[in-house]
Structures are given as C-alpha cells and as structure tokens.
Amino acid sequence: MRFRDGQWLVAEGVRIEYAEEVYRITPTPSGKGVSLLCPTRKIMTRGDTLNIGTLSVDIEAVFDGVVSVETTHWQGAVRRGPDFDLFPAGRPSVDAKIAKHDNGTTLSAGSLSATVSGKPHEFGISFHPTGSKKPLTTLLNRSVGLAYTPAPSTPMQLADTRNFKHYIFTQTTLGVGESIHGLGERFGAFNKVGQRVELWNSDGGTSSDQAYKNISFWMSSRGYGVFIDTPERVELEIGSERCCRVQTSVEGQRLRWFIIHGPSPREILRKYSILTGASGSVPSWSFGLWLSTSFTTSYDEETVNSFLSGMKARDIPVEVFHFDCFWLKAFQWCDFEFDQDMFPDPKGQITRLKADGIVKKVCVWTNPYLGQASPVFAEAAAKGYLLKRKNGDVFQWDMWQTGMGIVDFTNPDACTWFVSCLEKLFDIGVDSIKTDFGERIPSEDVQWFDSSVDPKKMHNYYAFIYNKLVYETLQKRYGANEAVLFARTATAGSQRFPLTWGGDCESTPEAMAESLRGGLSLGLSGFAFWSVDIGGFEGHPPPWIYKRWVAFGLLCSHSRLHGSNSYRVPWTVDNDDKSEEGCSATLRKWTHLKARLMPYIFSQAQECVKSGLPLSLRAMCIEFPEDPTAWTLDRQFMLGDSLLVAPVFEEDGTVQFYLPNGNWTNFFTGEVKSGPGWFTETHKFGTLPLYVRPNTVLVLGKQGETRTVYDYANDVEVRSYFDSEGARALLVDSDGKTMGTLEMKNGELTGKDALRGDSIFIVVSS
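As the structure is a prediction and not an experimental result, all values here were calculated from the model.

How each quantity is defined
- Residues numbered from 1 in each chain as written.
- Predicted model: local features only at pLDDT ≥ 70, side-chain atom pairs only at ≥ 80, totals over all residues.
- Heavy atoms only, no water.
- Helix = DSSP H or I, 4+ residues; strand = E, 2+ residues; numbered from the N terminus.
- Rg over C-alpha atoms; globule rule 2.2 N^0.38 Å.
- Buried < 20%, exposed > 50% of the residue type's maximum accessible area, 1.4 Å probe, protein only.
- Pairing = 2+ DSSP bridges.
- Core = buried A, V, L, I, M, F, W, Y, C linked by side-chain atoms within 4.5 Å.
- Contact = heavy atoms within 4.5 Å.
- Axes fitted to C-alpha atoms, helices over the stretch in contact; angles between N-to-C directions.
- Phe/Tyr/Trp six-rings, centres within 6.5 Å; stacked < 30°, edge-to-face > 60°.
- Lys NZ or Arg CZ within 6 Å of the ring centre and 35° of its normal.
- Salt bridge = Lys/Arg side-chain N within 4 Å of Asp/Glu carboxyl O.
- 1 Å grid on protein atoms, 1.4 Å probe; cavity = no way out; pocket = protein on both sides within 12 Å on 5 of 7 lines; lining within 4 Å.
- Points joined across faces, edges and corners; volume = space filled by probe spheres on them.
- Nonpolar A, V, L, I, M, F, W, Y, C, P; charged D, E, K, R; others polar.
- UniProt positions renumbered as here; feature names shortened; annotations may be inferred.

**Student:** How should the overall build of the protein be read in this particular structure?
**Tutor:** Secondary structure assignment for the protein yields 10 helices and 44 strands. The C-alpha atoms of the protein give 27 Å as radius of gyration, which agrees with the globular expectation for 766 residues (27 Å, within 12%). Once the C-alpha set of the protein is aligned to its principal axes, its extents read approximately 85 × 70 × 45 Å. For the protein, with 766 residues in total, the buried portion stands at 63%.

**Student:** What should I look at first to understand the pairing of strand β13 (residues 144–149) in this one?
**Tutor:** Two faces make up the sheet, and in a regular strand the side chains alternate between them. The buried fraction of β13 is high, at 6 of 6 residues. Here β13 shows a buried face lined by V144, L146 and Y148 and a second buried face lined by G145, A147 and T149. As defined by bridge partners, strand β3 (residues 15–18) adjoins β13 across 4 bridges and the pair is classed as antiparallel. Pairing of E17 across the sheet is with L146, part of β13. The pairing of β13 with strand β14 (residues 165–173) spans 6 bridges and is antiparallel. Residue pairing across strands places A147 opposite Y167, the latter belonging to β14.

**Student:** What is the right way to look at the nonpolar core in this model?
**Tutor:** Across soluble globular proteins, nonpolar side chains show a tendency to be buried alongside one another. In terms of nonpolar packing, the biggest core is built from 180 residues, with M311, Y462 and F552 touching the most fellow members. Top element by residues in this core is helix α9 (residues 583–611). It accounts for 12 residues. When residues no more than four places from it in sequence are discounted, the contact partners of F552 are M512, L516, W530, V532, L617, F637 and P647.

**Student:** Help me understand the sheet that holds strand β23 (residues 320–323) in this model?
**Tutor:** Strand pairing in a sheet is mediated by backbone hydrogen bonds. Such pairs are either parallel or antiparallel. Ordered in space as β28-β24-β23-β22-β33-β32, the 6 strands form an open sheet in which the pairing is parallel. Here the strands that pair on one side only, and so sit at the sheet edges, are β28 (432–435) and β32 (533–534). Note that β23 and strand β24 (residues 361–366) share 4 bridges and pair parallel. Looking across to β24, one finds that H322 is bridged to C363. Taken strand by strand, helix α6 (residues 455–478) contacts β24 and β28, and its axis lies near 175° from that of β28.

**Student:** I would appreciate a short explanation of the packing of aromatic side chains in the present structure.
**Tutor:** Aromatic ring pairs are described here by two measures, namely the spacing of the ring centres and the angle between the planes. Using the criterion set out here, one finds 55 aromatic pairs in the structure. Ring plane angle 85° and centroid distance 5.4 Å describe the contact between F336 and F418, whose orientation is recorded as edge-to-face. With F336 in the loop between β23 and α3 (346–355) and F418 in helix α5 (residues 412–427), this pair connects stretches of sequence that are 82 residues apart. Ring-pair connections join several aromatic residues into one group, and the members of that group are F84, F217, F227, F258, Y272, Y461, F464, Y471 and F497. Lying over the aromatic face of W501, R560 brings its terminal NZ or CZ to 4.9 Å of the ring centre.

**Student:** Looking at this model, I keep getting lost on the environment of G553. Mind explaining?
**Tutor:** In this fold, G553 is placed in helix α8 (residues 543–553). Counting along the chain gives 185 residues from G553 to T738, while the straight-line C-alpha distance between them is 27 Å. Dropping the residues within four chain positions of it, G553 is found in contact with V532, I534, H558 and S559.

**Student:** Help me understand the sheet that holds strand β43 (residues 748–750), please; the structure alone is not making it clear to me.
**Tutor:** Here we have 3 strands laid out as an open sheet, ordered β41-β42-β43, and antiparallel in their pairing. Either end of the sheet is taken by a strand with one partner, and the two such strands are β41 (728–732) and β43. Geometrically, the sheet is characterised by an average inter-axis angle of 15° between neighbouring strands, direction not taken into account. Note: β41 against strand β42 (residues 738–745), 5 bridges, orientation antiparallel.

**Student:** How should the pattern of salt bridges be read in this particular structure?
**Tutor:** Side-chain pairing between opposite charges can occur once the charged atoms of the two side chains come close. In the structure shown here, the tally under the stated rule is 46 salt bridges. For E178, the salt bridge goes to R222, with nearest N and O atoms at 3.9 Å. In this pair, E178 is assigned in the loop between β14 and β15 (180–184) and R222 in the loop between β17 (214–220) and β18 (224–228), connecting sequence segments 44 residues apart. Judged by relative accessible area, which is 32%, R222 ranks as partly exposed. Salt-bridge contacts for K329 lead to D339; the nearest nitrogen and oxygen are separated by 3.1 Å. Linking K329 in the loop between β23 and α3 with D339 in the loop between β23 and α3, this pair joins segments that are 10 residues apart in sequence. Here the salt bridges do not stand alone but share partners, grouping D203, D436, E439, R440, R488 and D504 into one network.

**Student:** Is there a simple way to explain empty space enclosed by the protein in this structure?
**Tutor:** Regions of empty space are outlined by a rolling probe, equal in size to a water molecule, passed over the atoms. Taken as a whole and judged by the stated rule, the model has 6 cavities of 30 Å³ or more. If you add up the space inside the largest cavity, you get close to 90 Å³. If you trace the largest cavity, you find 13 residues lining it, with F287, G288, L289, T591 and T708 closest to the centre. If you tally residues by element for the lining of the largest cavity, the top one is α9, at 4 residues. Considering only residue class, the lining of the largest cavity consists of 7 nonpolar, 4 polar and 2 charged.

**Student:** How do you make sense of the UniProt feature "domain: Glycoside hydrolase family 31 TIM barrel" (unreviewed entry) in the protein when you look at a structure like this?
**Tutor:** Under the local residue numbering, the UniProt record ascribes the feature "domain: Glycoside hydrolase family 31 TIM barrel" (unreviewed entry) to residues 282–603. Each end of residues 282–603 is marked by a C-alpha atom, and these two atoms are 12 Å apart; helix forms 36% of the span and strand 11%.

Structure representation (structure tokens):
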C-alpha cells in the first residue's frame, strides 16, 4: 500500500499521521519490555496534547537475539483470530535488560538490543547487536504511523468508521547495498528491493507477482530477519515507496513484528524455526522418484500399469506413483471415491502394484473443496461442514468445480468427517496425500463455524489448518516420521507439514528459472523440503527442456514427474529415443545418481529438521554470507552443506556459474577449480556443474546402487575432498537414526567403525 505520492506529497485520498516523538516510556506489563507513547504531533505545550492521536509502540525481549515490536493506534479494537501458532516446541526463556542512559533507553535480549532515542521531541529506535553501536536497521523520523482512506475531512467523521479503511505501517531503514530475500515462494527477482509485495495467497502460476505460499518473513543481507506476526493481508513496499526503507502495512489497529538477529543466515533461520516451528521429518522413501498420471490426460488402470512397467523395463526405479485429479469421477471432486469406470478395483490394483515391486508407495490428489455434483455435497452442506455466507447459504461458486463449496476446518465435526474420508483411502493402500489448492478462500460476506475468527485472516491461515489436519492424520496412521504431503499452498508455520511443490509452471527454460527462484525464496523462508513439476506443468516440453529439468529436479530435495495435458514418462517426450542422450537414459542416470547420494541427502535432511535450514534448494548466501556475490545468485543452489548445483538453461548446454572461495571439485570428473570466480562450461544431458565443497567427507551408495532405501552405512563409498581438521559426515540409517560420525582428526578419518560391509575410501582431492 502506497500512502505517499513521491517524497513530498501525500497520496490523493489518503490521510497520514506519524509518530512524531516519544513522549513517555514505561515498562510493559511483562516487565520484559518498554512501551512508548508516541503522539502524532510534537508536544510543545499542554494544549498540544489535545485532539490528536497517539501510537503505542511496545518493544519486548522475546528470547536471545529476538525482539518484538507492536504498534497500536486504538487499543480497544477486538483482537480476533486466528493467530500464528508460535513456539510449538516451547518458548525459550529470556534475560531482558533495560538500561537508561544519556542517549536514551536500551532494551537487550541477548545478542540483540533496541535503543530508543532520548533526544527531546524526537522519534527514533535503533536495532543493533548488543555491545555495538552499528545499527542493523532503524525506525527513524516519520517511520511509524497510521493512515486513513479515504481521507476524513473532519475528525467527527470517524465516529462512524464503516466507510473508512484504517492502516498501521512501519518503515525500517534499508542500508546501502542491503538486499532483502524470502517472503515465501516468489518467482520474480531474487532480491526483493524495488518490489511491491502483497502477502495474499493466490492461485496465479509461477510467472507473476502472485504466490501460492506467502510467508511473512524476510531476511536481510545485513544479518537480521523480520517476521510479521499476522496471517492477514500484509503489503510491503521494499525500497519502492521510499528507496531507503522497507514499509510494512496492514489494515487494522495494530501491527506486530519480530526482528531476529543472526548474524548468519543459518542462525536467523534457526531462531525463526523456534518462533514458527521447524520442518517435520520425512521418510527416506519420499526422496525417490515420484511419477504422476498428469492432470487432464486420459488414464485408467491399464495406463498406470503400462507406465510403471515401462519405467521398470528401462531401469528407472519409481518410489511413489501419484494419481492426479481424475482418479475421481468428473464433476465429483472431491468425494474420495475412485472412478469405478476407470479403476474398478483400486485396492486390488494398489496391492498388486506394490506386490510386483514396481512401486513402493501410492499418493492421491485431494483438495478441500466439494463440487455440488459430488455425492457427499448434500451431506456436508446439511451437517454444516461447509463455509457459509452471512445470510446462511453455503458459500458456492463455479470456479474450479461447479457449485463448489469449501470445507470449514474451524468446525471440529467437519474435521472429523474429513479425516474419516482420508482413512478410507489409507485402508485401500494410499500412503501419501497431495493437498492441492486452498488459496482462493473468500474473505468477504462469509461466516465461519468459529465465529470468533476474522475472515480476512482466514484467507491465508486456511493453508495452515488444512495441511495440518491431513499431515497429522497421516502421522496417526503411519507414524510420526512417515507422513508426507505434496502441498501447494502455505503460510508461516506450514513448514511443519512437509512437503511442498512449486505449482503450475510452464514447460520453458524461463519457467524453470522462475521455479528455481521460487524454491530459493521459500528455502529462505524456513522450508526444508521442496519439489517442482519436472518438465514443467503446462504444455509439451521439448526433449531438451525435459532432460535439463530432469537434472535440476533430481537434485531438488524431492523429485516428481508431473504435467497438465501431456504425460511425463520419458518415452512419450522424445518418441522413445533409445540413445544415451535420450530422455529415458537421462532420467535413468539422474535417478540412479540420486539413489547413490542418499546417504548424504538423508543425513543432511536430519540436520535441516533440527536447524530450520532448507535441504534443497539452499540459497548460496546461507553458506557464504560474507561473499557479496552469493546474495545475488539465483541460477544455482546448494544441495545440503557440500554440493553446489548449477542447472543448465540453454539448449546447447552452456552454463555460467559462480564458485565461492576455495578449491571446488567436479563431482563427475574430479577436476578442481579455484574460487572465487565465474566459470562457463558446456554439458551434455548426463551432467551439469555439480561441485563438491572443499573440506568435505561425502558418503555415497556403492557403484550401481539404484535403490532409494537401503542401509546407508553398509557397502558405501566414502570420498574426501581437501579434508582438513574437523571435516565430518553424519551417518544415519534409513529411518534417520544416527549411526555415527566420520570426522577428520589429527590427519586421520575417525568413526569408521560405524561402517559395515565392504565400504571403500577414496581421496578425490587433497
């Protein structure tokens, strides 16, 4: 929301009132903060205290390195939910310190302090590392305020506020050279400076400023992050309304955000995960290849069997088979019943597929909507399971499904019913659920079963309660660490219910780059696991696009072949080219490579769950924050701590990539390149720039290993790359249990007794 017309003028139809000074400072009720009374004009005489508004700015110590800032205009406004579920694993204690001094008042929470200026008739708050005067960011003159639209011509008009919108905004300073990242899965420029960002979940594809996963958290290159604590619509002007400020605004009477000091991105993400939760664990089988029916293609039991038999014949292991929307009968989504015309014996089919060993697990598509042609619509409507309009009608429209209603998950009975529908699917052998949609949730003229909630907050928050319910239902059936979603929509905290994928991208190199940027941004928003539609969702990918996307997709944490109106089995893409450069051979190579990487990938996954880090895609700036170039890199990523991946976007195989400081080793050839610097290479379809970080101990499956799930400490290959003191590799089994640690100590690799079988050791670079 822009409130000004350039630097000098207020926007037409807007009235702004700023916090002009800090008039009084008092302790907050908790005793762990300070409350600032800030009039909207400077108080020079007693008369200046009359007929004006004030803003209360409460600054609280939350835990070590984290401070909250809440700005309120009218404190009598009702606080309506839902609210984000903070501190799901427990709230840490904090040693809050408040000190008054000549320059003002300082509140400290461990490594982070906030200093309120003590100069008369001045408003200013500096956020800085404790013990340092250098600010991370600041709230300066005219940086906190309220706004009305339309602008009232007299204060008397505000006796009735129904025809006015009221906003609260803050503007933190944006330093010289500072970059801003995150805010969910955003497909535009990686650095958000210069952008206007609206946090409002939308079904808008991957080629616009809309996003399926809007996360109210951003990270700065200056060593801090900000989490905006509300699921309602948040509008940000990031160096766009004022080039030197990040403006955050919400419609309402209060705005709270947390500032999180790192200084490293790793530490920022760890602390953010304490606030909103870390990712749940995912099972080892989920890292294997997922194959889909695609969306509107024609498929039945015979089609599915032919796909899986064809993959087996080509030595391409499929871990999970996914039935997309048309496992259900047309117009009956989602009634949770297989279309009997196409799948007459779903339980028998799933049982046979698993018994034959051509697939291990099965996933089906769902959404939280019911078309009125669905046999269960009438029951759900009659029992109050569906969202209603204010006049009592069921909310319906013809978007997506004709006469579609929305399941009201604020109704406990609706949740129980929805769970019972899922359990019937589990009974026939379904292991995972694709929780699609959940973005287009109406916020006007609706009444939720829980009348205490604010419909405007429910729009984004619906993603949380929808995915939480399905995820916990899977956990109850299969075990705490065996639940896997394939979710499209998300909000802050949804990282607790893995995993997500990048939505509906086109089959172009530009869309592959868009998806990569989306995955990087989501990883910087606290999500550990992410996937993408390999080959692109929309359209028919040319063979070269499909093969380049295969390489990219198999090095994401999770890998799924999925399309819209065309299949993604490789032989349908290139007319079954049987050469070593064909689609089938390319998919086979990369699927086998990921299988060999599983000891490394799965051990890294356990670390990510503990630390709040993304596994893949991991932005380069997380690992190399002191390298300014790392904050600009949006065409490459890290897979865990030690593997650098640069996808190829050109048909001729050329690719430009950057290596940070050190000696990096080509995974495929053993060639060493020294960074920092930019490099250009040309690759066939079986390789891409995959470089191993110096000081790495890399554990791989044995040569020829093609399984996803096996003993990750038995018959393995251990490679060392420029190892020095402290280089280490965590050993885990296929359930994620720690088996030991390989570590370089005094020139020797210790911990080898945790390995079994005929494990071999190779010094690749030294």
